[in-house]
Amino acid sequence: PRCQGTMIKGIFVINNHGKPRLIKDFQRMTQPEQQQTVREIFGLLSKRSDNVCNFLEGGSVTTFSKDTKLIYRHFATLYFVVAADGNESDLGLLDLVQVFVETLDKKFENVCELDLIFRSDMVHHILDEVVMGGMVLETSGKEIMDAVTAMERLELETRSAAIKA
């Protein structure tokens, strides 16, 4: 691990076919390392039944240290995965995934895989409101949506001012 102080090592959204739809890496992995990590995570999760727990020791993922754990939720065709060090609360991270998905649902009115592909800028902005640099910033869906709405308002004002100029 490159960032020893980072508690969340990465956030990944992977579809049922193993294709990454979002990678937010806080360890500064190279692209080949990211691809290997996605393959290994998908290999672990895709073998698991939907009625087992959502916590997994991530020590078998080569880019992570032995104390890394994977906390995930499987929604429809997507796995939402948080890789974190052993000191983080499993239930807290599971709640973080839930808040992120609920916020995406509010923003996109029933989020689907295509939203993550075609509106990746907005998805990344929402995630940046939740986690930055491996640290949790916000867990309130309302606060996150307020920040996203304020950002959109500012973008509109900026565009309007640029058109008038």
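Provided above is the structure to which this section pertains.
Residues numbered from 1 in each chain as written. Predicted model: local features only at pLDDT ≥ 70, side-chain atom pairs only at ≥ 80, totals over all residues. Heavy atoms only, no water.

With that settled, consider the pairing of strand E4 (residues 69–75). Two strands pair when backbone bridges link them, and strand E3 (residues 55–57) and E4 are joined in this way by 3 bridges, in the antiparallel orientation. Counted as the bridge partner of Leu56 is Leu70 from E4. Here 7 bridges tie E4 to strand E5 (residues 78–84), and the two strands are oriented antiparallel to one another. Within E5, the residue paired with His74 across the bridge is Tyr79. Hairpin connection from E4 to E5: 2 residues lie between these consecutive antiparallel strands, with Ala76 at a positive phi of about 50°. (Pairing = 2+ DSSP bridges. Helix = DSSP H or I, 4+ residues; strand = E, 2+ residues; numbered from the N terminus.)

Glancing now at unusual backbone geometry. Of note in this structure, Ala76 is not a glycine but carries a positive phi near 50°. As for its position among the elements, Ala76 is in the loop between E4 and E5. Although it is not a glycine, Glu109 sits at a positive phi angle of roughly 50°. Locating Glu109 in the fold gives a position in the loop between helix H2 (90–108) and helix H3 (113–118). Take Glu109: its relative accessible area is 69%, and that puts it in the exposed class. (Buried < 20%, exposed > 50% of the residue type's maximum accessible area, 1.4 Å probe, protein only.)

Summed over the entire model, instances satisfying the criterion amount to 5 aromatic pairs. For the pair Phe42 and Tyr79, a centre-to-centre distance of 6.2 Å together with 80° between the ring planes defines the contact as edge-to-face. Remark: Tyr79 occurs in strand E5 and Phe42 occurs in helix H1 (residues 31–46); sequence separation between them is 37 residues. Taking relative accessible area as the criterion, Phe42 reaches 17% and is therefore assigned buried. Consider the rings of Tyr72 and Tyr79, whose centres lie 6.4 Å apart with planes at 55°: the pair is tilted. The buried category is assigned to Tyr72, whose relative accessible area is 5%. Taken together through their ring pairs, the aromatic side chains of Phe42, Tyr72 and Tyr79 make up a single cluster. (Phe/Tyr/Trp six-rings, centres within 6.5 Å; stacked < 30°, edge-to-face > 60°.)

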